Every structure is written in structure tokens, then in C-alpha cells.
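# Fold and geometry: a report
Single-letter residue listing:
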Amino acid sequence: MLQTILLIQDDPRAARTVIEALRHSHDANFDVEWVRRCSEGVERLTMEGKAGSAAIDAVVAEMNLSDSHGIATFDRLFHAAPQVPILVISASGDEEVARLAVKRGAQDYLPERHLDGCLLTKTVVTMIERAGIAEALYHEKELAQVTLNSIGDAVISTDHSGNVTYLNVVAERLTGWAVAEASGKSLQQVFRIIDAITRETAEDPMVLAMQENRTVALTPNCVLVRRDGTECAIEDSAAPIHDRRGQVVGAVMVFHDVSEARASSLRMSHLAQHDSLTDLPNRIMFNDRLNQAVALADRQQDRIAVLYMDLDRFKHTNDTLGHTIGDALLRAVADRLRDCVRTSDTVSRQGGDEFVVLLPHISDIQHADMIARKVLVAMRAPYTIEGHKLHFTVSMGIAIYPDDGMDVDTLLKNADLAMYQAKDSGRDNVQFYKSELNVRAVERQVIESGLRSALQRQEFVLHYQPRVSLQTGAIVGVEALVRWQRPQRGLVLPVEFMQVAEETGLIVPIGRWVLLEACRQARAWEEAGWPRVRIAVNISAVELRAFDFVASVRSALLKTGLKPEYLELELTEAFLMQDEKITDATLRALRDMGVRMTLDDFGTGYSSLSYVRRLPISCLKIDHSFVRSLGAADDADDASIVIAVINMGRSLHMGVVAEGVETAAQLDFLKNQGCPEAQGYYFGRPVAHGGIERLLDSNASEDARRIGTSQAASCFRTSSSTPMPR
Ligand code: C2E
Ligand code: MG
Ligand code: MG
């Protein structure tokens, strides 16, 4: 390959020597371009490659020229083309300049007086080869540099004694150290890492990588303390660097900032374990804590208490005041609960309005009782939420480990059972789990599965109880009451299964059957020529909530042909606790259909008079708990309530019926107060349909005598019942 040498030499004789030597070389094929002045040399070097001129492969230059002297000559040439190797020809006595030139980047120098052809060509050939290698190395280094700076990871390397040799730009940014400042400093100074939790200095992975000659990952939870003291979570690994013989000569570490990822994973795990509304631990975290507490309690022979609580009548507030207030209330409850316990205890929201408190170390059961009572008191204080002053109470059940259960599920289930017991005993109180509660739970399960098959096996029957007009003595209606004819057990009354039917929703299909059967029976009596009586059917709140309730009533009337005015639905006040809008719409649709509605068990609930007035209710049924004591010596309170309801019915043009009348004294009282209608064992117990027929048929005169209304007898059989006042 032809190589172009630029010779810069003032002296033509010396120039010729060089040209001759190079041209006749056997080692390479040289073309020599000769110039005499430095400026010409510079010009030639800078035009390299331009205007068809060949690239210069090497320069052979004399330092003392007509336009430039000494080291300045070298500097100008080197500056013009630093990549081109330069061989300095030093005049005798000028070797100082030549050596200086080598220090500044010249490849080599030869004294002019020793300019031997062979040595010259060999020197030039080696010089060109070395320049080629240097160029290749430079490219490689450049490539590595660009690569290291363009990856997103930080890279730091050290030598064998742990002093920093290199940082890429990401490492500079993350550590706050510029490579120039960091070079030569110990790694510990530039790269300070600590454990995020213990805050102690973390083990230096590079030292370990070198010691053990393997790739080492950073300890988890590692935090880099920057030069300015700020911190950033990092992650990654260190590896040893080897020389050609395989000896470890340093280490390199690659790491990256994981602050974002670590923060978001912390956020995620917090979310997964906490309730978003109250920020209390959720069910998952609670179970975890309870499991831990159980393990610890076993070792320390300790006891644990699980307090399960539910806000009394929360649903009503939520439905009437809206979910925003409901949510705010739950948050306020959460705050109060947190204040009632120690930080080592766990307060958790299980969902809805249910909260559970875990007391992991209780020396004795009294301690749990004390905390429970503290919570009850704290809850009773009024809450002010968005201008509403609200009063709330909680019902609470307690289960103790290991007495009431050995695992999380059993403890929670038993605390929950005890909580229901607290609700049953009038709410706003606390009950400890008793094992008989569990027996009851099993019974409930048996009832539930029995009810499921009872519908298919047609095990339900209806009994009927007469309702009598106190003015005429006539039977004006009958109430249909469901009974469960249970195989091998006999007749089961609603009190034994109604709650389970309501809680499981089974009351909906059962109620549909009752409604249809009652309408069918009423229509059958009518067709058989019995006096027309209104049939009353009890409807529980759960049934009324079913979206197709109105349609199911319409369908029962259509199927049986019963006129709507002969159907009366008895609703308890519980339905008023439901969503007001839905309740109103349902009741109005029923009224428009022509069906009548009675408020059953009136006086036991919480409905306000103003609300009742707005509803399309045509009759109030005084609960038998008020009727029971009428005529007795201590009846003052109950009697005044009964009188108030009778007067209220009169002024609101509503019907009033007293239920549970068992004695003549009760009847007299009611009659004297002008109560229009009554029902109770005194007139007749609930009986199967045949019994009612006999009653309608033969008991008329007897009833009339009891009531003291002589014309009552004529009302039976022959005429339709007296219309209810409205
Ligand atoms: P309720 O609607 O208030 O029915 C009156 C209850 O009092 C009936 O009990 C009845 O047998 C009883 N009773 C009637 N007269 C007297 C009396 O003079 N003295 C006493 N001590 N009790 C009397 P029963 O049949 O056990 O029904 C209890 C409750 O079950 C009913 O109370 C009603 O709320 C519910 N229920 C009954 N049948 C149905 C039904 O088909 N569907 C729905 N949803 N609930 C029903
Ligand atoms: Mg009833
Ligand atoms: Mg009742």
C-alpha cells in the first residue's frame, strides 16, 4: 500500500537524504511530499483529503525552519493534525527540543547526523502502525464512552484499591460527583450507601465483588446518600474487572434509581392492606395481624380479644342523608376507634359499617370488657357532620383466643355471632361469645336449608285470623299467617323461621306463594258465597325492596281474579327505614292499583308521625304489646299510647285496629275509646281455612253477643263487611 509522507525540511540536501531513503525502502511503499516551510506543512495537513490530495500518513519534520523555530514548529504541526504521527528530525545540539516534542505528542525523534536510511524507514513504518492502533483504540474507547453515557444506568468503576477510576454521566448525576473530582477518591467517599430501614452503612458490593471474584447484587432496600446529603433508593450489582491474565484489577458497578418504583410499590402494598375510605387496616391486614398475634400468644401463654362491632341503624342514615355523610360518619367512627386503643392494637374496617378491633395481649377478660365499654361510650357522643348532628351507637361482640376459637375464621365468626346477640339485646351494648350462640348458628343453618326445600315440597300452609268491627261485631277481614308444616316436627310458627327467611332473602319466594295463596283463598270464599272479607297479607321489608314487588301483586290479583280493594298489605315500620324514594314509589303504585296498606305493629318502631302522614297508608295496627296491659292496674302508659293512636287515626282519617285482644277487659277499653276494629285470640285464634269458614258460618251471633252489638249477626253471610273508615 502506498503511504504518503509529508517531509518538512528547509535544507535541500538533508531533504534529499530522507527522500532517497524512503523511496528506496524495502519495508514499505512510500510517496514523499516535500515542503520547506512550516506554514506550507500546516497548509498541506489541513487540506488533507480535500481537492483530491492524498491523506498524509506520517510527517517527518525538521524543527528549525525559515518561518518557525524549535518546539513552536511541532506545536503548529500537531495542532493542525493531531491524529497524524510526527517524527522529529533534530539538528545536532537540539535534542532538548526533540525530547520536548515527544512529550507533547511526537511519535519519536532521530538526530540528523545519524539519519540512516534503514533506521529511518523502520521508524516511520512502526510509527504509522502504532498510530493506526492508537486510532483504533481511540475509536473503541470513544464508542464505549458514548455507550456508557447513553445507557440509563449509572456506572462507576474502581481500581484494585477501591479508588474511583470512572463515572458515567448518570453516575455523576446520581452521586453528585463529577468524574474529574471523583477520580482517585475512595469509593466510600463518592458512593455512600445505607440500609433504608436500619440506616446503617450498607456493605460495599464492589469490595465483595473483588474479594470473591464474582458478580454481587446490592443488598435490598439500599439507599444512596448523594454528595449533597439527599437520598435515593438504588438497585443493582457489582462485578470484578480482570486483566489479561485474569487477575482482578478493579470493579465496576451498575446501578439505577428505583425511588419511584419503590415508592409506588409501597403505595400499592399500602392500598392492598388498607381500607381506602378510612385508611384503617383492611380484612387482609387484620387477618395477618391476628395470625401473628396467635403465634405470639401461644409462646407467651397470652390471650387475645377480637371485638366485632357494627353501627346501629347506619343503613338508615346512609339511605336518608346520602352516602357522602355516611362516608364522613364512617371516617369519624374510625378516628374515635383509633383514639380508644393503643398503637399496638389493630383497628380494622371489615367493610360496610363493620369494624373489628384486635387486642393482642390481654391479661384478663375484664380488660377486653373495659376497652369495649370505653368504645361504646366514645361512640355515643354526637357527631357533627356537614351541619347534621347525628347520634350513633354500636353493638359489639367479643371472642377470646384461645377460649372461643383457635383460628382467625372461628374467632371472627364467633365475635360476629356475639355481636348479633348484642343487637338482639337492644343494641348499644357488648356481649361476650357464649358457646350456645354457636348452637343457635347451627340451628339457623338447618332452618335455612330446610326453608330452601320447603317451597318445592309445598310445606307451607296459611292460617287465618279474623278481624272484627267493634261497631257491628262483623268479621271485616282475615289476616293470612304463614306456617311451616315441617316433616317430623309439626307446625312451625313464623317466629322460628322468619328472621332466617328474611336474612337469606328466601322470604321473597315464600312471600310470593303466601300472596297468591291468600288471594286464591279469598276469591274461593267469595265464589262459594261467603260474605266478602278483606284478606290481609304480611309483607316484610325485604319483599318490598324487590324490584318487581308491585308487578308480583298485580299478577296475583290477575291470576286469582280478586278485586284489589279486598287485598290489604300489612307492612312493618322496618320498611320505613329503607330508601325513602323507592318506598314512596312502591307504596304509591300499590295505592293507585287500589290495594290498601296497613302499618303493622304500630308504635314499636321509630317512624315519625309526619312521615307516616305523607304515606298512602290507610290503617294503623296497634301492636299487641300495648294492648296486653289494657284494663290492668299498671296500664297507664300503654293505655295513653293506645288512646293517642285511636285519636290520631280518627283525625288523619285512617283506620285503626288493635291486635292481640285476649280479654273482655281489653275489648271494653278499646270499645270505650272508640277503636274501630280489633283482632286477637278473644275473637279467634289463627286457624286453617276450614276453621274460618265455620267461624263465618256459625260464630256470628256468639261474637255479636260478646261485642254487645245485636245487629252484628245479620252482618255475617248476608252482607258485605262494613267499610273501613278512611
Ligand atoms: P303479625 O303480623 O303482627 O301477626 C300477629 C301475630 O300475633 C300472629 O303470630 C298471631 O298468631 C299472633 N296473635 C294473634 N292474636 C293474638 C293474641 O290475642 N295474643 C297473642 N299473644 N298473639 C296473637 P304469628 O302467626 O306467629 O306471626 C308472627 C309474625 O310473623 C307476624 O306478626 C308477621 O309479622 C309475621 N308473619 C306471619 N306470616 C307472615 C307472612 O306470610 N309473611 C310475612 N312477611 N310475615 C309473616
Ligand atoms: Mg300482621
Ligand atoms: Mg302485628
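Residues numbered from 1 in each chain as written. Chains lettered and ligands numbered in written order. Predicted model: local features only at pLDDT ≥ 70, side-chain atom pairs only at ≥ 80, totals over all residues. Heavy atoms only, no water.

Contacts to ligand 1 come from 23 residues, most closely from Arg483, Asn538, Asp600, Glu662 and Tyr681. In this structure, a nitrogen atom belonging to ligand 1 sits 2.8 Å away from a side-chain N or O atom of Gln465. The side chain of Glu662 places a nitrogen or oxygen atom 2.5 Å from a nitrogen atom of ligand 1. Isolated, ligand 1 exposes 800 Å² of accessible area, and the fraction of that covered by the protein chains is 83%. Mapped by element, the contributors of at least two residues to the shell around ligand 1 are strand 21 (475–486), helix 17 (494–504), helix 18 (507–527), strand 23 (534–539) and strand 25 (596–602). If one sorts the elements of the shell around ligand 1 by residue count, strand 21 sits on top with 4 residues. (Near = heavy atom within 4 Å. Polar contact = N/O pair within 3.5 Å; in protein donor to acceptor, adjacent residues only side chain to side chain. Areas by Shrake-Rupley, 256 points an atom, 1.4 Å probe, with all protein chains shown as cover. Helix = DSSP H or I, 4+ residues; strand = E, 2+ residues; numbered from the N terminus.)

As a further point, take the domain arrangement of the chain. Taken domain by domain, the chain comprises domain 1 (2–147), domain 2 (151–263), domain 3 (276–435) and domain 4 (459–716). Averaged C-alpha coordinates put domain 3 and domain 4 at centres separated by 40 Å. (Domains from an automatic or database assignment.)

Remark: the centre distance and the inter-plane angle together describe each pair of aromatic rings, the angle taken between the planes. In the structure shown here, the tally under the stated rule is 9 aromatic pairs. Each ring, one from Phe460 and one from Phe497, has its centre 6.2 Å from the other, and the planes form 45 degrees; the classification is tilted. A residue pair is termed long-range when its members are at least 10 positions apart, and Phe460 in strand 20 (residues 460–469) and Phe497 in helix 17 qualify at 37 residues. Both residues of the pair, Phe460 and Phe497, count as buried. A centroid spacing of 6.4 Å and a plane angle of 40 degrees characterise the contact between Phe460 and Trp513, whose relative ring orientation is tilted. Here the residue Phe460 occupies a position in strand 20, and Trp513 occupies one in helix 18, the gap between them amounting to 53 residues. The ring centre of Trp177 lies 3.8 Å from the NZ or CZ of Arg227, which sits over that ring. Positioned above the aromatic ring of Tyr383 is the side chain of Arg336, whose terminal nitrogen or guanidinium carbon lies 3.5 Å from the ring centre. (Phe/Tyr/Trp six-rings, centres within 6.5 Å; stacked < 30°, edge-to-face > 60°. Buried < 20%, exposed > 50% of the residue type's maximum accessible area, 1.4 Å probe, protein only. Lys NZ or Arg CZ within 6 Å of the ring centre and 35° of its normal.)

In the first shell of the magnesium ion (ligand 3), the protein supplies Asp600 (OD), Asp601 (OD), Glu659 (OE) and Glu659 (OE), at 1.9 to 2.6 Å from the metal. When the donors of the magnesium ion (ligand 3) are listed by position in the chain, the intervening gaps give D-D-x57-E. Between the two metal centres, the magnesium ion (ligand 3) and the magnesium ion (ligand 2), the spacing is 4.2 Å, with Asp600 acting as a shared donor. Of the two residues, Asp600 is situated in strand 25 and Glu659 in the loop between strand 27 (655–658) and helix 25 (664–672); the sequence distance between them amounts to 59 residues. Take Asp600 and Glu659: they sit in the same class, and that class is buried. (Donors = N, O, S within 2.8 Å, 3.2 Å for Na, K, Ca; no water.)

Quick look at the pattern of salt bridges now. Counted under the stated rule, the structure contains 31 salt bridges. With a shortest N-O distance of 2.7 Å, Arg104 and Asp75 are connected by a salt bridge. Residue Arg104 is found in the loop between helix 4 (95–103) and strand 5 (108–111), and its partner Asp75 is found in helix 3 (residues 71–80); the two are separated by 29 residues along the sequence. You can call Arg104 partly exposed: its relative accessible area is 41%. In this structure, Arg534 engages Glu568 in a salt bridge whose closest nitrogen and oxygen atoms are separated by 3.4 Å. Of this pair, Arg534 sits in strand 23 while Glu568 sits in strand 24 (residues 567–571), placing them 34 residues apart in sequence. Looking at Glu568, the relative accessible area reads 2%, which means it is buried. One salt-bridge network, held together by shared partners, links Arg467, Glu479, Arg534, Glu568, Glu570, Lys621 and Glu677. (Salt bridge = Lys/Arg side-chain N within 4 Å of Asp/Glu carboxyl O.)

Where helix 12 (residues 314–321) meets helix 13 (residues 323–340), the closest approach of the two axes is 6 Å, and the angle between their N-to-C directions is 140 degrees. It follows that helix 12 is oblique to helix 13 by the angle criterion. Residues Phe314, Asn318 and Leu321 of helix 12 form the contact with helix 13, whose participating residues are His323, Ile325, Gly326, Leu329 and Leu330. Taken together, the residues of the contact of helix 12 with helix 13 break down into 5 nonpolar, 3 polar and no charged. (Axes fitted to C-alpha atoms, helices over the stretch in contact; angles between N-to-C directions. Parallel < 35°, antiparallel > 145°, perpendicular 65-115°, else oblique. Contact = heavy atoms within 4.5 Å. Nonpolar A, V, L, I, M, F, W, Y, C, P; charged D, E, K, R; others polar.)

Those donors, Glu479 (OE), Asn538 (OD1), Glu570 (OE) and Asp600 (OD), are the protein atoms that reach the magnesium ion (ligand 2), and they lie 2.0 to 2.2 Å from it. One chain supplies every donor to the magnesium ion (ligand 2), and in sequence these donors are spaced E-x58-N-x31-E-x29-D.

Within strand 23, 5 of the 6 residues are buried, which leaves it mostly tucked inside the rest of the structure. Direction of pairing for strand 21 relative to strand 23: parallel, over a ladder of 4 bridges. The residue bridging Gly477 from the neighbouring strand is Arg534, located in strand 23. Sheet topology places strand 23 next to strand 24; 5 bridges connect them, and they run parallel. Counted as the bridge partner of Ala536 is Glu568 from strand 24. (Pairing = 2+ DSSP bridges.)

With that settled, consider helix 12. Burial in helix 12 covers these residues: Phe314, Thr317 and Asn318. Burial along helix 12 is one-sided: seen end-on, the buried residues are contained in an arc of 100 degrees. The positive-phi residue at the C-terminal boundary of helix 12 is Gly322, with phi of around 100 degrees. (Arc of directions from axis to C-beta.)

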